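What follows is each chain in one-letter form.
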Amino acid sequence: MNYFGASINTSSVVAEVAGVAIENGAFCAVKYDENGAVVLCSTEGEMVAGIVLPETPEKISDGEDVTVQIKDIGYCKAGAEIKKGQEVMVDAKGRVIPATAGKFVIGYAMTNATTEDEIIEVDIRKCGYKA
């Protein structure tokens, strides 16, 4: 068997299929459903697949493609006040909030958030569960 090119994909985004209709999903976290499609995160502190890109249309139909950032620095919608450098997790609306014990840490805030729904930079690392 022969292989050509790099064996590692260095892309920070992936194209996924929406498992349900998604409205206003830009800047929000998504997870995989039982069929391997993506849906908005709906449980505080759950594991995430990534963050929906800013240029995503306001409405995505069930079965349509959606581009998801899975690593590196991206833009996320804040669900609470966040300080630069804090570990973050998702809230029940797919926004980032300060991480708490036992919850899945998706990364670190690279900028401050002072209000809900403010857009901030987050270093997406998928760090596992906070001790």
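Everything discussed here concerns the structure shown above.
## Let's talk about the overall build of the protein
(1) Moving on: Summing up its helical and strand segments, the protein has 0 helices and 12 strands in all.
(2) Moving on: Moving toward the C terminus, one meets the helices and strands of the protein in the order β-β-β-β-β-β-β-β-β-β-β-β.
(3) Moving on: Here the C-alpha atoms of the protein give a radius of gyration of 15 Å, agreeing with the 14 Å that 2.2 N^0.38 yields for 131 residues.
(4) Moving on: Each of the 131 residues in the protein was classed as buried or not, and the buried ones make up 43%.
(5) Moving on: For the protein, long-range pairs separated by at least 24 residues make up 52% of all intrachain contacts whose partners lie at least 6 apart in sequence.
(6) Moving on: Carbon and sulfur atoms provide 51% of the accessible area of the protein, an area that totals close to 7,300 Å².
(7) Moving on: Across the protein, the centroid of the 12 positively charged side chains sits 6 Å from that of the 20 negatively charged ones.

## Comments concerning the packing of aromatic side chains
(1) Moving on: Per the counting criterion, the structure on display carries 1 aromatic pair.
(2) Moving on: When the ring of Phe104 is compared with that of Tyr129, the centres are 5.3 Å apart and the planes differ by 70°; the resulting orientation is edge-to-face. One end of the pair, Phe104, is in strand E11 (residues 104–109); the other, Tyr129, is in strand E12 (residues 119–129), with 25 residues separating them in the sequence.

## Description of the sheet that holds E12
(1) Moving on: As summarised here, the arrangement of the 5 strands in space is E8-E12-E11-E9-E10, forming an open sheet in which the pairing is antiparallel. Taken across any chain shown, the strands that pair with only one partner, and hence form the sheet edges, are strand E8 (72–77) and strand E10 (96–98). Shown here is a sheet whose adjacent strand axes are inclined to one another by a mean of 50°, direction ignored.
(2) Moving on: Pairing of E8 with E12, which is carried by 6 bridges, proceeds in the antiparallel orientation. Paired with Gly74 across the bridge in E12 is Val122.

## Points about the side chain of Glu16
(1) Moving on: Along the chain, Glu16 falls in strand E1 (residues 13–17).
(2) Moving on: As a buried residue without a salt bridge, Glu16 has its nearest oppositely charged side chain in Lys126, at a separation of 8.6 Å.
(3) Moving on: Once residues within four sequence positions are removed from consideration, Glu16 is found in contact with Tyr32, Gly36, Val38, Glu64, Asp65, Val66 and Val68.

## What about the state of the cysteines?
(1) Moving on: Using the criterion set out here, one finds 0 disulfides in the structure.
(2) Moving on: Its sulfur unpaired, Cys76 is 8.7 Å from the next cysteine sulfur, which belongs to Cys28.
(3) Moving on: With relative accessibility at 0%, the residue Cys76 sits in the buried group.

## Quick look at the pairing of strand E3 (residues 29–32)
(1) Moving on: With 2 bridges joining them, E3 and strand E5 (residues 50–52) adopt antiparallel strand pairing. Following the sheet pairing, Ala29 is matched in E5 by Ile51.
(2) Moving on: In terms of strand pairing, E3 meets strand E4 (residues 38–40) through 3 bridges, oriented antiparallel. By the bridge assignment, Lys31 is partnered in E4 with Val39.
(3) Moving on: The antiparallel pairing of E3 with E4 creates a hairpin that spans 5 residues between the two strands, and Gly36 there sits at a positive phi of about 85°.

So, how was this worked out
Residues numbered from 1 in each chain as written. Predicted model: local features only at pLDDT ≥ 70, side-chain atom pairs only at ≥ 80, totals over all residues. Heavy atoms only, no water. Helix = DSSP H or I, 4+ residues; strand = E, 2+ residues; numbered from the N terminus. Rg over C-alpha atoms; globule rule 2.2 N^0.38 Å. Buried < 20%, exposed > 50% of the residue type's maximum accessible area, 1.4 Å probe, protein only. Contact = heavy atoms within 4.5 Å. Areas by Shrake-Rupley, 256 points an atom, 1.4 Å probe, with all protein chains shown as cover. Lys, Arg positive; Asp, Glu negative; His and termini not counted. Charge placed at Lys NZ, Arg CZ, Asp CG, Glu CD. Phe/Tyr/Trp six-rings, centres within 6.5 Å; stacked < 30°, edge-to-face > 60°. Pairing = 2+ DSSP bridges. Axes fitted to C-alpha atoms, helices over the stretch in contact; angles between N-to-C directions. Salt bridge = Lys/Arg side-chain N within 4 Å of Asp/Glu carboxyl O. Disulfide = S-S within 2.5 Å.

Spatial relationships are all this shows, so hold off on functional conclusions.
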